[in-house]
Amino acid sequence: MNSIPDIDDGAGISARPTPRAEPGPDTGGGVVSGSGSGRAGTPYPLAVRLAAAVLGVAAAAVMCWSGLNHDVRYVLGGMRASGRGGIPASGTFVHRPLAYRYLLSWLDHLSAGPVAAREAWIRLLVIVVTAAVVWWLRAGLARHLPRREANAVAGGIGLALLFAPAWDFLQPEWVAVLLAVAGLAAALVLRRTWVAAGVAGVLIALVTLVKYTTAPTALLPLGALIALDRRRGWWTTAAAAVATPVGFALAILVQPREWRWFNELSALNPDTPLQHGLHSADAHALITTVGTEALMNPVVALLPAAVVLLARGSSSRRARWAWPLLTAAGVTGVLAALVVQGQWFQYHVAALPVLAAALCSLAVARRPDLPLLAGALLLGLTVPLIAGQSWNWRHAHETAAYTLVCVVVVVTLIAACLRGRWGTKRRGQQPVLRGALLRYAPAVAIPLALAIPVWPTTPYSYDTRHSTFTAIERARTRHELGDWMTGVRHRIGADTPVTYLAFGDVGYLLGNPTHCRYPTPDFLQRTRYDRSITSQVSYRENLRCLDDPTSRYAVLDTSWFPLAQVAPQAATAIRHRFDCAHPVAALPAFHLLICPRR
């Protein structure tokens, strides 16, 4: 995806000739095989297409049923609670930049009804938008690549986005990837160069503005675009370089606190490598995070072999070096953002499976390599079975699971290096059998490997953070906690202002208003780890929320917000104003208390 034939006549896409089945100027992709406008081969039989459609609808239904993850609920719940208290999304602190808050607020305003229905509708809307963006990308890629390759790359990217783990879906990192794909599509599809560069530049600027640490993700579409169309690539890079600071300035103009929040946000995540340097524990956490990603998203494990196959298929020495170097640069950028944040959440590398899916799909489309497909089939069938076991079983078989991934990585890599092309017809081989195998295997192997995260029994990680976080567990928690919150809301009144001393998904399920622009008291809660936060302006502003005379109850999560561990000033103020020793309701299983005002 990053390095393919570059035929730049200086006139943009509208004047670009149709790719032909002959060598062209090579910046890394080698010989163009097939035709960009010709047929992509005989269509799949009707039964195969119907089966794919049924499986697609089933996957979409499972995703809509599983709902949203707790971090997205945190953002939505905070904006809803403060919004009902008269504070707009622009003035609400939910640990995310203004561009992301506006995006989720817009999605939220398009939904209505009970929690399950609203979440299903939001997911369905995002699925439709993602499918449209991927279709747009396919149209753009088809102007530069043979149709088979354009279909493969767009399809791999689309499946990687839609089949993303539940904790990745709609996170800023995932949104950044979607915007990056949209930016690349806009640059390739729109006819006029200046329009394409302008629209794509704004979209790629948003890639950075949804979280700031997602800036490395913005480099991926720019690199791919420069390889595809050098002129448009540099114009889009220039447009993005202008649009990004302009967008940041507009955010500060809309909400002046955005600058202060930008500067104080790092205080909420202490002890990161950015603040204290990279230590051995950080290196171990990095290896663990990447290893978990390779196990739970097998395309990541197959990425090295795919890059070797693409390099071996290139027609020039420059191209053979370009593939591994450009891919290494992209992966390094994604991992750099992970290291800078130092929290080691899997969703921080949400761009990695998408990049791997694009390159694996392109490699398979160009060179149907049997070891690569066998590795995808093996992991696609095995990982859901072992990941769906109990945590105790997974922990006991941890070494075997990671050994399996390592073996697949090594075998596919050696096969790619030594054999070059396993798809070549051998003496005595039946052409029909070989053709059918290489025709249908990619359509099964790659989607099977990408679909692992959306299995209802697949946990978010094999044995690290949230290793019991499955679609079934999320649905159960939402039902149990939601029913209790409904009872609380009926008891205290749906319009009664409250003070939230709990993580955002609690407020999301309760839905009562608050007059605090910090609906989740992050600056108060983080003092349990770092008392220096009490010097922050946002801490003092958050502390003043406790003086709100209209707040009748405090919603306290004693596990997330232990009064004995937070700053004494905050704990004393809470005890003085709310009687948590005699709550009006309690849910011990979730450590929740509803404390009346004294």
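Notes on the structure in this doc start here.

Details of the state of the cysteines
A complete count under the given rule lists two disulfides for this structure. Across the disulfide from Cys516 sits Cys545; the S-S distance is 2.0 Å. One disulfide, between Cys516 and Cys545, carries an S-S torsion of 75° and so falls in the right-handed class. With Cys516 in the loop between α21 (504-510) and α22 (522-525) and Cys545 in the loop between α23 (537-544) and β2 (553-557), this pair connects stretches of sequence that are 29 residues apart. Each member of the pair, Cys516 as well as Cys545, carries the same accessibility label: buried. Residue Cys580 pairs covalently with Cys595 via a disulfide, S to S 2.2 Å. Linking Cys580 and Cys595, the disulfide has an S-S dihedral of approximately 110° and is accordingly described as right-handed. Taken together, the positions of Cys580 in the loop between α24 (568-577) and β3 (585-587) and Cys595 in strand β4 (residues 592-596) put the pair 15 residues apart, joining distant regions of the chain. Cys580 sits in the buried class, given a relative accessible area of 16%.

Describing the sheet that holds strand β1 (residues 498-501)
Overall, mixed pairing links the four strands, which are arranged β1-β2-β4-β3 in an open sheet. Looking along the sheet, the strands with just one partner apiece sit at the ends: β1 and β3. Recorded for the sheet is a direction-independent mean angle of 15° between the axes of neighbouring strands. The pairing of β1 with β2 spans four bridges and is classified as parallel. Note on β2: the bridge partner recorded for Leu501 is Leu556.

Considerations on helix α5 (residues 147-162)
The first and last C-alpha atoms of α5 sit 22 Å apart over 16 residues, in line with the 22 Å expected at 1.5 Å per residue. Listing the buried residues of α5 in full gives Glu149, Ala150, Val153, Ala154, Gly156, Ile157, Gly158, Ala160, Leu161 and Leu162.

Focus on helix α6 (residues 172-189)
Its 18 residues place the ends of α6 25 Å apart at the C-alpha level, agreeing with the 26 Å of an ideal helix rising 1.5 Å per residue. Of all 18 residues in α6, 18 are buried; the element is thus mostly enclosed.

Calculation notes
- Residues numbered from 1 in each chain as written.
- Predicted model: local features only at pLDDT ≥ 70, side-chain atom pairs only at ≥ 80, totals over all residues.
- Heavy atoms only, no water.
- Disulfide = S-S within 2.5 Å.
- Helix = DSSP H or I, 4+ residues; strand = E, 2+ residues; numbered from the N terminus.
- Buried < 20%, exposed > 50% of the residue type's maximum accessible area, 1.4 Å probe, protein only.
- Pairing = 2+ DSSP bridges.
- Axes fitted to C-alpha atoms, helices over the stretch in contact; angles between N-to-C directions.
- Expected span 1.5 Å × (residues − 1).

Without other data, these values stay purely geometric and don't point to any function.
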